[in-house]
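Coordinate analysis (summary)
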Amino acid sequence: MKIFSFIMVFVFCLHAESISPLPSSNSLSSFEKSSTAFDIQTLKTLWKARINAILAQGVIPLIDAESSFNPSKFDLQDYAKIMDDKGVAMIAFSPQIGEKAYSKDSKLWHDSPSVLMNADASRYIPASTAGIYPAWTNESTAFVNETIKQVTKQNYPLLGEFEFKHYLSPRQYKNNETNRDTNITIDSQAGHLLFAFSQKSGLPFQIHYEIEDSLLKPLENMLDTYPKAKVIWCHLAQIRYHEKAQQYTPALVRDLIQRHPNLYFDLAFGDKDSLYKPSNEFHSTIWDRSSGKLKKEWAQLIEDYPYHFLTAFDIGGDRQDELNEKIEVSREVLKSLTPQTQKIVAYKAFWKLVFNEDI
Ligand SMILES: [Zn+2]
């Protein structure tokens, strides 16, 4: 009897630890795809409950604004446990179409967020298919057209990251994968379609756009042409070749925000010691490497415009195992900010941008 009570208490404790019910299986393939569009109002109730439950524990909840996943290699239960343990309210997750799936049937869209939301609706915010090699780079205009069609039909609240200018990621460099050195101009037909859609629909979208002096003007022209388009420029202050980016400073970003109120930035970058091997430079230039805190001018900029900066992990299909580290870096970022700004950057700015309301 005593042993039974002990087991009951133990089981209760395990349940008490998870903030939302754990998914019933760890594999997405165990779940069906939802046949209806996302009901954002109902989902918001679930998401708010998670935010409140994490706040009640005395922890600042994090919403990850920008990550993507490999639908065939994703462990739902592992993620759920880590998220609950570390106070992550939600991940805005965008599926990746790998090379194999693309070459097999030229897919330009992946429906897995519909499955994900059936499996664990509390922990994820559906984001559209990631704009990456090969589907996006081979057929960028068709890719955007398909994205617009599906996002509209299924009521997505957010469009995943489109890689306009993307150097090799550290992992690709290591693996000698040169195909993701992407260069699709921001004012290409695909770019215009995307900005115009965001302007019309009010839906935000994410861009990966390496920081280079010569790329600033074309982006500004697009922001001027589509002033209501909501653009999240991912990876604030991530500079991989300093000689190409002489103009980019906190003052320049401040000026951009003042002139383009619908421009946002995510805070997905490496820790202070992260080295970009192809150039041998510390690419997360936001850090003061001696103090381990954000440089004062960057922290001040975030303090002055907190609703323009979003916490993000930048998990990818090739680094899904890095969730713990990504959470750690995001929490480190918050430490350089005032308590009020921490909350805004952690989750309130996302809520305001994506749902157009305060939380
Ligand atoms: Zn990116």
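Below, the structure is looked at part by part. (Residues numbered from 1 in each chain as written. Predicted model: local features only at pLDDT ≥ 70, side-chain atom pairs only at ≥ 80, totals over all residues. Heavy atoms only, no water.)

1. Focus on the overall build of the chain
On a plain count of helices and strands, the chain comes out with 14 helices and 13 strands. For the chain, whose C-alpha radius of gyration is 20 Å, the value lies close to the compact-globule estimate of 21 Å for 359 residues. In the chain, which comprises 359 residues, the proportion classed as buried is 56%. Pairs at least 24 apart in sequence give 78% of the contacts found in the chain among residues at least 6 apart. Surface accessibility of the chain: about 16,000 Å² in total, with carbon and sulfur atoms responsible for 52%. The average position of the 39 basic charges and that of the 44 acidic charges among the side chains of the chain differ by 3 Å. (Helix = DSSP H or I, 4+ residues; strand = E, 2+ residues; numbered from the N terminus. Rg over C-alpha atoms; globule rule 2.2 N^0.38 Å. Buried < 20%, exposed > 50% of the residue type's maximum accessible area, 1.4 Å probe, protein only. Contact = heavy atoms within 4.5 Å. Areas by Shrake-Rupley, 256 points an atom, 1.4 Å probe, with all protein chains shown as cover. Lys, Arg positive; Asp, Glu negative; His and termini not counted. Charge placed at Lys NZ, Arg CZ, Asp CG, Glu CD.)

2. Things to note about the coordination of the zinc ion
Coordination of the zinc ion by the protein involves Glu 161 (OE), His 208 (ND1) and His 235 (NE2), with metal-donor separations of 2.0 to 2.2 Å. The motif formed by the donor residues of the zinc ion, counted along the single chain, is E-x46-H-x26-H. Placement of the pair is Glu 161 in strand β4 (residues 159–166) and His 208 in strand β6 (residues 205–209), with a sequence separation of 47 residues. Neither Glu 161 nor His 208 differs from the other in exposure class; each is buried. (Donors = N, O, S within 2.8 Å, 3.2 Å for Na, K, Ca; no water.)

3. Observations concerning helix α5 (residues 112–120)
α5 sits mainly inside the fold: eight of its nine residues count as buried. Along α5, the residues classified as buried are Ser 112, Pro 113, Ser 114, Val 115, Leu 116, Met 117, Ala 119 and Asp 120.

4. Section: a negative patch on the surface
Together, Asp 271, Asp 321, Glu 325 and Glu 328 make up a negatively charged patch on the protein surface. Inspection of the secondary structure assignment puts Glu 325 in helix α13 (residues 323–335). (Patch = residues over 30% accessible without salt bridge, like charges linked within 9 Å, V, L, I, M, F, W, Y side chains within 5 Å. Salt bridge = Lys/Arg side-chain N within 4 Å of Asp/Glu carboxyl O.)

5. Quick word on the packing of helix α2 (residues 40–56) against helix α14 (residues 339–355)
At a minimum axis distance of 13 Å, the contact between α2 and α14 shows a crossing angle of 170°. Considering the angle they form, α2 stands roughly antiparallel to α14. Contact residues: Ile 40, Lys 44, Trp 47, Lys 48, Ile 51 and Leu 55 in α2; Lys 343, Tyr 347, Trp 351 and Phe 355 in α14. Grouping the constituent residues of the contact of α2 with α14 by class yields seven nonpolar, no polar and three charged. (Axes fitted to C-alpha atoms, helices over the stretch in contact; angles between N-to-C directions. Parallel < 35°, antiparallel > 145°, perpendicular 65-115°, else oblique. Nonpolar A, V, L, I, M, F, W, Y, C, P; charged D, E, K, R; others polar.)

6. What to know about the packing of aromatic side chains
Counting across every chain of the model gives 26 aromatic pairs. When the centroid spacing of 5.4 Å and the interplanar angle of 75° are considered together, the rings of Phe 74 and Phe 93 count as edge-to-face. Of this pair, Phe 74 sits in the loop between β1 (62–69) and α3 (76–86) while Phe 93 is found in strand β2 (residues 88–95), placing the two residues 19 residues apart along the sequence. Of the two residues, Phe 74 and Phe 93, both sit in the buried class. Taken together, a centroid distance of 5.3 Å and an interplanar angle of 80° make the contact between Trp 109 and Tyr 156 edge-to-face. Within this pair, whereas Trp 109 is found in the loop between α4 (99–105) and α5, its partner Tyr 156 is found in the loop between α7 (140–154) and β4, the two being separated by 47 residues in sequence. Among the residues examined, Tyr 156 registers a relative accessible area of 1% and is labelled buried. Within the aromatic cluster, the residues linked to one another by ring pairs are Tyr 209, Trp 233, Tyr 248, Phe 265, Trp 298 and Phe 309. (Phe/Tyr/Trp six-rings, centres within 6.5 Å; stacked < 30°, edge-to-face > 60°.)

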